[in-house]
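# Commentary on secondary and tertiary structure
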Amino acid sequence: MKFIFAFLCAFSACFTSLAQTLALLPQNPHYFTYKGKSTVIVGSGEHYGAVMNLDFNYDTYLKTLQADGLNTTRLFTGAYYEKPGAFGIQKNTMAPANDRLLLPWKKVNDKYDLNVWDEAFFARLHDFMKKAEQSGVIVEICLFSAYYGAGWVYHPFNGRNNVNQTPTDLAPNKVNTLDNGAILKFQEAYTRKLVQELNQYDHFYFEIQNEPWAEGKDTVLVWNDYMGADDLKQPGNNWKNTLEVASAKSREWHKNVSGWIVNQEKSLAKKHLISHNIANFKLPVFVSDPNISIYTFHYAHPEAAGLNYRLNKVVGFNETGFAGKSDDTYRRQAWRFMMNGGGLFGHLDYSFSVGSEDGNDLTNNAPGGGSPTLRRQFKMLKNQLERMDLATLKPDASFLGHAEGAFVYSMKDRQQYLVYAEPLLAQPCRINLQLPKGNYSATWTDVVTGKTLKTDNVSVAASSIMLQSPAGVNDKTLVLKKL
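Residues numbered from 1 in each chain as written. Predicted model: local features only at pLDDT ≥ 70, side-chain atom pairs only at ≥ 80, totals over all residues. Heavy atoms only, no water.

### A word on the overall build of the chain
To keep it simple, the criterion reads: The helix and strand labels rest on DSSP assignments: H or I over at least four residues marks a helix, E over at least two residues marks a strand, and numbering proceeds from the N terminus. Values of the radius of gyration come from C-alpha atoms, whereas the globule rule sets the reference at 2.2 Å times the count of residues to the power 0.38. Any two residues whose heavy atoms approach within 4.5 Å are treated as being in contact.
The secondary structure content of the chain amounts to 8 helices and 24 strands. In terms of overall size, the chain behaves like a compact globule, its C-alpha atoms giving a radius of gyration of 23 Å where 483 residues would be expected to give roughly 23 Å. Taken over the C-alpha atoms alone, the chain extends approximately 80 × 80 × 40 Å along its principal axes. Residue pairs at least 24 apart in sequence account for 67% of intrachain contacts in the chain once pairs closer than 6 positions are excluded.

### Considering helix 2 (residues 58–67)
The line we're drawing: Exposed residues in this analysis have more than 50% of their type's maximum accessible area, buried residues have under 20%, and partly exposed residues fall in between, with area computed by a 1.4 Å probe over protein chains only. Directions pointing from the helix axis toward each C-beta atom define the arc.
When helix 2 is considered as a whole, its buried residues turn out to be Tyr-58, Tyr-61, Leu-62, Thr-64 and Leu-65. Across the axial projection of helix 2, the buried residues extend over an arc of 155 degrees, all falling on one side. For helix 2, the exposed residues lying more than 90 degrees away from the buried face are Lys-63 and Ala-67. Buried positions along helix 2 lie against strand 4 (41–45), strand 5 (72–76), helix 3 (119–134) and helix 8 (372–387).

### Things to note about the side chain of His-276
Position of His-276 among the secondary structure elements: in strand 12 (residues 274–280). Classification of His-276 as buried rests on a relative accessible area of 4%. Setting aside its immediate chain neighbours within four residues, His-276 contacts Glu-207, His-254, Val-287, Ile-292, Ile-294, Tyr-295 and Thr-296.

### Looking at the sheet that holds strand 20 (residues 430–433)
This is how the line gets drawn: Each pair of strands is called paired provided DSSP finds at least two bridges between the two strands. For helices, the fitted line uses only the C-alpha atoms of the stretch in contact; every axis is such a line through C-alpha atoms, and the angle between N-to-C directions lies from 0 to 180 degrees.
The sheet built from 3 strands is open, its strands ordered 17-20-23 with antiparallel pairing. Whereas interior strands pair on both sides, the edge strands pair on one side only; in this sheet they are strand 17 (400–404) and strand 23 (465–468). The sheet shows a mean angle of 20 degrees between the axes of neighbouring strands, taken without regard to direction. Pairing geometry for strand 20 and strand 23, over 4 bridges, is antiparallel.

### Considering helix 4 (residues 183–198)
Every α-helical turn comprises 3.6 residues, leaving residues that sit three or four positions apart pointing alike. For clarity, the cut-off: In a helix, the anticipated span is given by 1.5 Å times the number of residues less one.
Along its 16 residues, helix 4 runs 23 Å from first to last C-alpha, staying within 8% of the 22 Å computed at 1.5 Å per residue. Looking only at helix 4, the buried set comprises Ile-183, Phe-186, Gln-187, Tyr-190, Thr-191, Lys-193, Leu-194, Val-195, Glu-197 and Leu-198. Turning to helix 4, the residues buried within the fold contact strand 6 (105–108), strand 7 (111–117), helix 3, strand 8 (138–145), strand 9 (204–210) and helix 5 (248–265).

### Comments concerning a nonpolar patch on the surface
Using the following cut-off: A patch is a set of surface residues, each over 30% in relative accessible area and not in a salt bridge, joined within 9 Å for like charges and within 5 Å for the nonpolar side chains Val, Leu, Ile, Met, Phe, Trp and Tyr. Values of accessible area rely on a 1.4 Å probe in the Shrake-Rupley scheme; residue burial ignores everything except the protein chains shown. Take a side-chain nitrogen of Lys or Arg and a carboxyl oxygen of Asp or Glu: if they are within 4 Å of each other, that pair is a salt bridge.
Side chains of Phe-407, Leu-424 and Leu-425 sit close together on the surface and give an oily, nonpolar patch of about 310 Å² of accessible area. Structurally, Leu-425 is set in the loop between strand 19 (416–423) and strand 20. A relative accessible area of 42% places Leu-425 in the partly exposed class.

### Some words on the pattern of salt bridges
Applying the stated criterion across every chain, the model contains 24 salt bridges. Two residues, Lys-193 and Glu-197, come together in a salt bridge whose shortest N-O distance is 2.8 Å. In this pair, Lys-193 and Glu-197 both sit in helix 4, 4 residues apart, roughly one turn of the helix. In this structure Glu-197 comes out as buried when scored by relative accessible area, which is 18%.

### So, the packing of aromatic side chains
Our working definition: Think of it this way: a Phe, Tyr or Trp ring, Trp meaning its six-membered ring, pairs with another when their centres are within 6.5 Å, and the plane angle makes it stacked under 30 degrees, edge-to-face over 60, tilted otherwise. For a Lys NZ or an Arg CZ to count as sitting over a ring, it must be within 6 Å of the ring centre and within 35 degrees of the ring normal.
Scanning all chains against the criterion turns up 29 aromatic pairs. Aromatic pair Tyr-417 and Tyr-440: ring centres 6.3 Å apart, planes at 70 degrees, arrangement edge-to-face. Remark: Tyr-440 occurs in strand 21 (residues 438–446) and Tyr-417 occurs in strand 19; sequence separation between them is 23 residues. Tyr-440 carries the same exposure label as Tyr-417, and that label is buried. Counting every residue linked through ring pairs, the aromatic cluster contains Tyr-48, Phe-76, Tyr-80, Phe-87, Tyr-147, Tyr-148 and Trp-152. Lying over the aromatic face of Tyr-48, Arg-74 brings its terminal NZ or CZ to 4.8 Å of the ring centre. Over the ring of Tyr-154 we find Lys-83, and its NZ or CZ is 5.0 Å from the ring centre.

### Focus on the sheet that holds strand 8
With respect to topology, 8 strands assemble into an open sheet ordered 4-15-14-13-12-9-8-5, the strand pairing being parallel. What marks the edges here is a single partner per strand, and that holds for strand 4 and strand 5. When the angles between neighbouring strand axes are averaged without regard to direction, this sheet yields 25 degrees. Sheet analysis places strand 9 next to strand 12, joined by 2 bridges and oriented parallel.

### Observations concerning the packing of helix 2 against helix 3
Worth spelling out the cut-off: Any angle that is under 35 degrees is reported as roughly parallel, and any over 145 degrees as roughly antiparallel; angles of 65 to 115 degrees are reported as roughly perpendicular and all others as oblique. Handedness of a crossing is defined here by the sense of rotation of the near helix relative to the far one, left-handed for an anticlockwise turn of less than a right angle and right-handed for a clockwise turn. When residues are sorted by character, Ala, Val, Leu, Ile, Met, Phe, Trp, Tyr, Cys and Pro go into the nonpolar class, Asp, Glu, Lys and Arg into the charged class, and all the rest, Gly among them, into the polar class.
It is at 9 Å that the axes of helix 2 and helix 3 come closest, and there the two elements cross at 20 degrees. Relative to helix 3, the element helix 2 is oriented roughly parallel. Between helix 2 and helix 3 lies a crossing whose hand is right-handed. Note on element contacts: helix 3 touches helix 2 through Arg-124, Asp-127, Phe-128, Lys-131, Ala-132 and Gln-134, opposite Tyr-58, Asp-59, Leu-62 and Gln-66. Looking at the contact of helix 2 with helix 3 residue by residue, the classes come out as 4 nonpolar, 2 polar and 4 charged.

### Observations regarding the packing of helix 3 against helix 4
Two numbers describe a pair of packed helices, the interaxial angle and the distance between the axes. Running from N to C, helix 3 and helix 4 point in directions that differ by 45 degrees, and their axes come no closer than 11 Å. Relative to helix 4, helix 3 is oriented oblique. Helix 4 is crossed by helix 3, and the crossing has right-handed handedness. Only Lys-193, Leu-194, Glu-197 and Leu-198 of helix 4 make contact with helix 3, whose side of the interface consists of Glu-119, Phe-122, Leu-125, His-126 and Met-129. Here the residues of the contact of helix 3 with helix 4 are counted per class, giving 5 nonpolar, 1 polar and 3 charged.

### Describing the environment of Leu-307
Relative to the helices and strands, Leu-307 resides in helix 6 (residues 303–307). Here Leu-307 falls in the partly exposed class, since its relative accessible area comes to 46%. Separated by 93 residues in the primary sequence, Leu-307 and Ala-214 have C-alpha atoms spaced 22 Å apart. Those residues in contact with Leu-307, other than ones at most four positions away along the chain, are Lys-282, Leu-283 and Pro-284.

### Regarding the confidence of the model for the chain
This is how it is decided: pLDDT runs from 0 to 100 and stands for how confident the predictor is about each residue.
Of the residues in the chain, 96% have a pLDDT of 70 or more, and the chain-wide mean is 94. Per-residue pLDDT stays below 50 along residues 2–16; that stretch engages in 0 contacts with residues further than four places along the chain or on separate chains.

Written as structure tokens, this is what we have:
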């Protein structure tokens with residue numbers, strides 16, 4: 001009897017732990033469950049250096065995300081950092097001053113020892129994670145990154161910078177492959193260390209590598225056949241017109257890393273989701289790895305979510321930018337992607353910088369945008385989706401007829417219909433809807449201001465009904481609920 005009681009207690013504790021940990025929503029794995037509640041992940045955060053940059057005040061930063069009603073941030077954990085000036089970012093939180101950089105490995109006489117952990121890093125990481133949890137912020141733990149050529153020269157894994165005799169002449173595009181010499185065992189030790197240290201937390205998932213396609217490309221598809229390299233006047237910008245696919249060697253290495261994570265967690269209390277960063281823009285996922293639960297894209301087209309919806313995993317858009325500073329651009333990117341079935345959106349927000357951890361720095365010279373206003377608009381997106389029944393929510397155009405003068409996207413759950421409209425003209429747009437007969441409440445909301453524009457009761461007596469939006473070029477939502 002005592003044995004049975006002990007077993008039931010252990011089983012109950014294990015089930016409770018799993019229920020609390022971030023996981024895919026069982027009824028609809030395009031979304032998440034966390035602490036027993038269904039959720040989407042939506043955020044707008046700093047440039048991933050909150051822990052490694054000792055000058056960055058993450059207390060203020062995390063409290064700002066909480067106050068803004070957002071629930072995620074992306075964090076790099078040491079296998080990549082930047083030097084000031086990289087990528088044209090003036091105030092780059094991932095490029096701290098040399099004497100303010102904190103990495104996982106101990107540094108002795110200007111060289112790192114990859115066999116010795118710097119406990120100060122892990123103390124700061126734990127403090128960050130505890131405060132993120134208190135703030136309701138889910139953390140993407142990004143383990144590795146492409147080095148973009150220049151970033152490899154100064155990294156601790158490079159033999160020039162450590163005492164461990166790793167290769168000094170290795171090409172950057174071989175570092176994150178199985179063909180990297182002695183580096184592989186240190187990558188495995190680093191991965192397993194982070195898995196062990198972080199297992200106690202519920203509010204995170206692992207991403208294996210940031211932008212693996214940036215080095216070691218197998219395929220390049222030109223998006224616009226009418227635009228050549230000469231048409232893109234700024235040097236280095238041809239990536240905006242190409243679909244770059246990570247190499248087979250990169251994909252093979254990814255499987256090893258996900259295996260390290262799963263193997264390390266076998267004997268640990270909690271199991272965490274693993275993400276694979278697939279491509280810029282859009283791509284039908286071709287990664288075959290049962291350990292992967294989240295597929296992420298950068299600078300994503302909304303089709304990235306739709307193309308991969310039938311994988312029945314979360315499809316995420318976890319970095320934006322390089323499209324100017326207008327809030328309209330990034331707000332619309334977020335709505336379009338999530339309305340196509342995405343479950344995760346994270347904006348790279350350059351209004352966060354050292355000294356402006358409250359996200360009010362609108363002077364940062366960088367290739368993207370970010371502002372308190374934009375974060376309020378992202379909150380509206382998150383709140384609207386979470387007012388739907390995520391267990392049954394899905395993209396659905398079956399009830400959507402022609403829309404006059406607007407681009408529209410549509411979803412529905414078991415009780416409600418959601419339409420997101422981007423009017424092209426100041427005059428009202430008209431949307432033809434095919435709905436089951438009955439009476440409905442119809443609420444229009446301005447997603448720029450958050451104001452409810454009007455609520456009507458409408459009666460559907462025939463096979464279709466034409467609804468007219470309030471005037472104005474601001475994008476809007478329409479929510480219909482049967483009475």
